[in-house]
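Analysis of the macromolecular model
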Amino acid sequence: MTDTKKRTSVDKAAPVTVPGIQAMKGTRKICCITAYDYSSGIIADTAGMDLILVGDSLAMVVLGHEDTLSVTVDEMIHHIRATSRGAKRALVVGDMPFMSYCTVDRALETGRRFIAEGHARAVKLEGGAPVAPQIKALTEAGIPVMAHVGLTPQHIAKFGGFKAQGKSAEATKTLIKDAQAVEAAGAFCVVLEAIPVEAAELITEAVSIPTIGIGAGNVTDGQILVYHDTLGLFDRFTPKFVRRFAELGEAAGSALTRYCEDVRRGTFPGDKNTLYMPDDQLTQLRKIKIKHKKK
Ligand code: KIV
């Protein structure tokens, strides 16, 4: 499936670390993507991603839910573990699902499981100043935290849907305070989702940790996209800020249509896909008398 030579060179490259991500601010753009299993982990890693997020967006793009709210900690761990097996170089971050970090104790337990059972190397949680105590406790316990402000999909009930945030001067002031609060609490980077580019620029200047944008313009320290959106594998809706770099859904659909046609026509499997018995065994086989059951 993957070019073996490339895979080998990724295996040999030094793994990306949390300090490594932090050192990229102001030096070079940080490339991030979500992934959810072994094969997408390998593909993202081999492509050279710095950070792979096993996002709770898997609830929508992998499990088919309407939003991200119903994915469980156990389901997340199942996917984080598979992705970690595929990603050898990129920093794998596990996204803590809805209500799994609503108290400091719950955050510590979810974080412990993500690291110990899922083999994530960091966790992500949504929210600004209100989740600073959780970020502080996790960081002090040795679990690096990626924060997430702006459109935080776990709060869609409060926002009234998947709506852009920070569209006024006042709202931007609050976002800046949130980003500074998560930095002060120890977050090593912060996702800025669906906010105006002007707000993203001010936040990026106001904090010394990297900002990772999704729908925040070209001014953040890095970018992240959802794997299925980027590759044209999810059609329910495509936000304006997504660029589809491939149409793999279409390609997969037409490949499977051809497979069906070939099976129905009897042209698959062909000679190349067929196993044949060695000649000496075939001679033996032809001597065997088989009693056929009467119909
Ligand atoms: O769950 C997710 O995929 C995310 C990214 C969009 C940042 O949180």
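The coordinates are above.
Here goes a summary of the coordinates provided. (Residues numbered from 1 in each chain as written. Predicted model: local features only at pLDDT ≥ 70, side-chain atom pairs only at ≥ 80, totals over all residues. Heavy atoms only, no water.)

**Considering the site of the ligand**
- Within the structure, the ligand sits among Thr-34, Leu-53, Gly-55, Asp-56, Ser-57, Asp-95, Lys-124, His-148, Glu-193, Ile-214 and Val-226.
- Ser-57 places a polar side-chain atom, nitrogen or oxygen, 2.5 Å from an oxygen atom of the ligand.
- The contact in question runs from an oxygen atom of the ligand to an N or O atom on the side chain of Asp-95, over 3.1 Å.
- Considered on its own, the ligand offers 260 Å² of accessible surface; in the complex 96% of this is hidden by protein.
- Partitioned by chemical class, the residues of the shell around the ligand number three nonpolar, four polar and four charged. (Near = heavy atom within 4 Å. Polar contact = N/O pair within 3.5 Å; in protein donor to acceptor, adjacent residues only side chain to side chain. Areas by Shrake-Rupley, 256 points an atom, 1.4 Å probe, with all protein chains shown as cover. Nonpolar A, V, L, I, M, F, W, Y, C, P; charged D, E, K, R; others polar.)

**Considering a nonpolar patch on the surface**
- Together, Leu-256, Tyr-259, Val-263 and Phe-268 line one region of the surface with nonpolar side chains, adding up to about 390 Å² of accessible area.
- Along the chain, Leu-256 turns up in helix 12 (residues 248–265).
- On the basis of relative accessible area, Leu-256 is assigned to the exposed category, the value being 55%. (Patch = residues over 30% accessible without salt bridge, like charges linked within 9 Å, V, L, I, M, F, W, Y side chains within 5 Å. Salt bridge = Lys/Arg side-chain N within 4 Å of Asp/Glu carboxyl O. Helix = DSSP H or I, 4+ residues; strand = E, 2+ residues; numbered from the N terminus. Buried < 20%, exposed > 50% of the residue type's maximum accessible area, 1.4 Å probe, protein only.)

**Side note on the pattern of salt bridges**
- Applying the stated rule across the entire model yields 13 salt bridges.
- Between Lys-25 and Asp-221 there is a salt bridge, with the nearest N and O atoms lying 2.8 Å from each other. Of the two residues, Lys-25 sits in the loop between helix 2 (18–23) and strand 1 (30–34) while Asp-221 sits in the loop between strand 7 (211–214) and strand 8 (222–225), which places them 196 residues apart along the sequence.
- Residue class for Asp-221 comes out buried when judged on its relative accessible area of 12%.
- Put simply, Arg-112 and Glu-117 hold a salt bridge, and the shortest N to O gap is 4.0 Å.
- Taken together, the shared-partner salt bridges in this structure form one network comprising Asp-74, Glu-109, Arg-112, Arg-113 and Glu-117.

**Side note on the state of the cysteines**
- Scanning all chains against the criterion turns up zero disulfides.
- Distance from the sulfur of Cys-31, which forms no disulfide, to the nearest cysteine sulfur (Cys-32) is 7.1 Å.
- A relative accessible area of 38% means that Cys-31 is categorised as partly exposed. (Disulfide = S-S within 2.5 Å.)

**Remarks on the packing of helix 3 (residues 38–46) against helix 5 (residues 73–86)**
- The geometry of helix 3 relative to helix 5 is characterised by a closest axis approach of 7 Å and an angle of 40° between their N-to-C directions. As judged from the angle between their axes, helix 3 and helix 5 are oblique. Crossing handedness for the pair helix 3 and helix 5: right-handed. On the side of helix 3, the interface is formed by Tyr-38, Gly-41, Ile-42 and Asp-45, while helix 5 contributes Ala-82, Thr-83, Arg-85 and Gly-86. (Axes fitted to C-alpha atoms, helices over the stretch in contact; angles between N-to-C directions. Parallel < 35°, antiparallel > 145°, perpendicular 65-115°, else oblique. Left-handed = near helix turned anticlockwise from the far one by under 90°. Contact = heavy atoms within 4.5 Å.)

**Focus: the nonpolar core**
- By size, the foremost hydrophobic cluster in this structure holds 54 residues, and its most contacted members are Met-96, Phe-114, Leu-125, Ile-135, Leu-138, Leu-192 and Ile-195.
- Considering each element in turn, this core owes the most residues, five residues, to helix 9 (residues 169–185).
- Setting aside chain neighbours within four positions, we find Met-96 in contact with Tyr-101, Ala-107, Thr-110, Gly-111, Phe-114, Val-123, Lys-124, Leu-125, Leu-138 and Gln-154.
- In terms of nonpolar packing, the next biggest core, distinct from the first, is built from 18 residues, Val-16, Cys-32, Leu-53 and Leu-91 among them. (Core = buried A, V, L, I, M, F, W, Y, C linked by side-chain atoms within 4.5 Å.)

**Some points on helix 5**
- An ideal rise of 1.5 Å per residue puts 20 Å on 14 residues; helix 5 measures up with 20 Å between its terminal C-alpha atoms.
- Inspection of helix 5 places Val-73, Met-76, Ile-77, His-79, Ile-80, Ala-82, Thr-83, Ser-84 and Gly-86 among the buried residues, and these make up the whole buried set. (Expected span 1.5 Å × (residues − 1).)

**With respect to unusual backbone geometry**
- The linkage connecting Phe-268 with the following residue, Pro-269, adopts the cis geometry, with an omega of 0°.
- Phi angles above zero are rare outside glycine, and Met-99 is one such case at about 65°.
- Relative to the elements of secondary structure, Met-99 occurs in the loop between strand 3 (91–95) and helix 6 (104–116).
- The exposure class of Met-99 is partly exposed, given its relative accessible area of 43%.

**Concerning the packing of aromatic side chains**
- Applying the stated criterion across every chain yields a total of three aromatic pairs.
- Where Phe-162 meets Phe-237, the ring centres are 6.0 Å apart and the plane angle is 45°; that geometry is what we call tilted. In this pair, Phe-162 sits in the loop between helix 8 (156–159) and helix 9 while Phe-237 sits in the loop between helix 11 (227–230) and helix 12, placing the two residues 75 residues apart along the sequence.
- Given the relative accessible area of 36%, Phe-162 is considered partly exposed.
- On the basis of relative accessible area, Phe-237 is assigned to the partly exposed category, the value being 37%.
- With a centroid separation of 6.3 Å and 75° between ring planes, the pair formed by Phe-234 and Phe-237 is classed as edge-to-face. (Phe/Tyr/Trp six-rings, centres within 6.5 Å; stacked < 30°, edge-to-face > 60°.)

**Quick word on the pairing of strand 1**
- Where burial is concerned, most of strand 1 is hidden: four out of the five residues are buried.
- In the sheet, strand 1 pairs with strand 8 via four bridges, with the strands oriented parallel. Each bridged residue has a counterpart across the sheet, and for Ile-33 the counterpart in strand 8 is Leu-225.
- Relative to strand 2 (residues 51–54), strand 1 runs parallel, the two being bridged by three bridges. Bridge assignment links Ile-33 to a residue of strand 2, and that residue is Ile-52.
- Following the chain from strand 1 across helix 3 to the adjacent parallel strand 2, one finds a crossover that is right-handed. (Pairing = 2+ DSSP bridges. Right-handed = clockwise from strand over helix to strand, strands pointing away.)

No statement about biological role is implied by the geometric values presented.
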